[in-house]
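Residue strings, one per chain:
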Amino acid sequence: MRAVGDFGGNDGLEAHRARVLATAAALDYVLMLATGTTGVRIPRRDAERAIRDGIARGVDDLIAVATVVGRGGTPSGVAFAREAAASLRAILRDEALESDERTFAVIALANA
């Protein structure tokens, strides 16, 4: 969401805007369902799976937008890409979401 807000003028980011916003809304709704704040609860197993799937989608979205923003070459864009890489490393490790593709993308962001 921060990338969309801070770097929304980047033409390359426009292609990702709808997906990023949809991911954020989906995660918010899953969390609401899981905590019962919608008045409806879903089974714990389903909530955990939905949250894990949402985190994976969020990771992929962040990799995509941070890559676009970092390629813009502006100081703020490069800083954003590097900050995203640091956050992504921890998330990939903690959530066991490592894959060669994700790992190499995060390395590229760290070296933006």
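Keep in mind that what you see is a predicted model, and the values were worked out from it rather than measured.

Next up on the list: the overall build of the protein chain. When its secondary structure is counted, the protein chain shows 5 helices and 0 strands. Listing every helix and strand of the protein chain by position from the N terminus yields α-α-α-α-α. Judged by the C-alpha coordinates and their principal axes, the protein chain covers about 45 × 30 × 20 Å. Out of the 112 residues in the protein chain, the part that is buried amounts to 28%. Pairs at least 24 apart in sequence give 60% of the contacts found in the protein chain among residues at least 6 apart. Total accessible area computed for the protein chain in this model is approximately 6700 Å², and 56% of it derives from carbon and sulfur atoms. A distance of 2 Å separates the average location of the 14 positive side-chain charges in the protein chain from that of its 15 negative side-chain charges.

This next bit is on the pattern of salt bridges. Inspection of the entire model under this criterion finds 6 salt bridges. Taking the shortest distance from any N to any O, the salt bridge between Arg 17 and Glu 14 comes out at 3.1 Å. Separated by 3 residues within a single helix, Arg 17 and Glu 14 lie in helix 2 (residues 11-35), roughly one turn from each other. Among the ionic pairs, Asp 94 bridges to Arg 93, the shortest N-O distance being 3.7 Å. Judged by its relative accessible area of 58%, Asp 94 is exposed. A single salt-bridge network, built from bridges that share partners, covers Arg 45, Asp 46 and Arg 49.

Tracing the chain through its elements places Thr 23 in helix 2. The residues contacting Thr 23, other than those within four sequence positions of it, are Gly 54, Arg 57, Gly 58 and Asp 61.

So, on to the nonpolar core. The biggest cluster of nonpolar side chains holds 21 residues, and the ones touching the most others in it are Leu 13, Val 59, Val 69, Phe 80, Leu 88, Val 106 and Leu 109. Mapped by element, the contributors of at least two residues to this core are helix 1 (2-6), helix 2, helix 3 (44-71), helix 4 (75-94) and helix 5 (100-110). In contact with Val 69, not counting residues within four places along its chain, are Ala 3, Phe 7, Asn 10, Leu 13, Gly 77 and Phe 80.

Attention now goes to the environment of Val 106. Tracing the sequence through the fold places Val 106 in helix 5. Setting aside residues no more than four positions away along its own chain, Val 106 makes contact with Ile 63, Ala 85, Leu 88, Arg 89 and Leu 92.

Our next topic: the layout of surface pockets. When its volume is computed, the largest pocket comes out at roughly 250 Å³. Met 1, Arg 2, Val 20, Gly 58 and Leu 62 are, among the 16 residues lining the largest pocket, the residues nearest its centre. If you list the elements that add at least two residues to the lining of the largest pocket, you get helix 1, helix 2, helix 3 and helix 4. Classifying every residue of the lining of the largest pocket gives 10 nonpolar, 3 polar and 3 charged.

Counted at 1.5 Å a residue, the expected span for helix 4 with its 20 residues is 28 Å, and the 29 Å between its end C-alpha atoms agrees. Burial in helix 4 covers these residues: Gly 77, Val 78, Phe 80, Ala 81, Ala 84, Ala 85, Leu 88 and Leu 92. Angularly, the buried residues of helix 4 cover 150 degrees about the axis, an arc narrow enough to put them on a single face. Away from its buried face, by an angle of more than 90 degrees, helix 4 presents the exposed residues Pro 75, Arg 93 and Asp 94. Looking at the buried side of helix 4, the elements it contacts are helix 1, helix 3 and helix 5.

Calculation rules
- Residues numbered from 1 in each chain as written.
- Predicted model: local features only at pLDDT ≥ 70, side-chain atom pairs only at ≥ 80, totals over all residues.
- Heavy atoms only, no water.
- Helix = DSSP H or I, 4+ residues; strand = E, 2+ residues; numbered from the N terminus.
- Buried < 20%, exposed > 50% of the residue type's maximum accessible area, 1.4 Å probe, protein only.
- Contact = heavy atoms within 4.5 Å.
- Areas by Shrake-Rupley, 256 points an atom, 1.4 Å probe, with all protein chains shown as cover.
- Lys, Arg positive; Asp, Glu negative; His and termini not counted.
- Charge placed at Lys NZ, Arg CZ, Asp CG, Glu CD.
- Salt bridge = Lys/Arg side-chain N within 4 Å of Asp/Glu carboxyl O.
- Core = buried A, V, L, I, M, F, W, Y, C linked by side-chain atoms within 4.5 Å.
- 1 Å grid on protein atoms, 1.4 Å probe; cavity = no way out; pocket = protein on both sides within 12 Å on 5 of 7 lines; lining within 4 Å.
- Points joined across faces, edges and corners; volume = space filled by probe spheres on them.
- Nonpolar A, V, L, I, M, F, W, Y, C, P; charged D, E, K, R; others polar.
- Expected span 1.5 Å × (residues − 1).
- Arc of directions from axis to C-beta.

Keep in mind that these numbers describe shape and distance, not what the molecule does.
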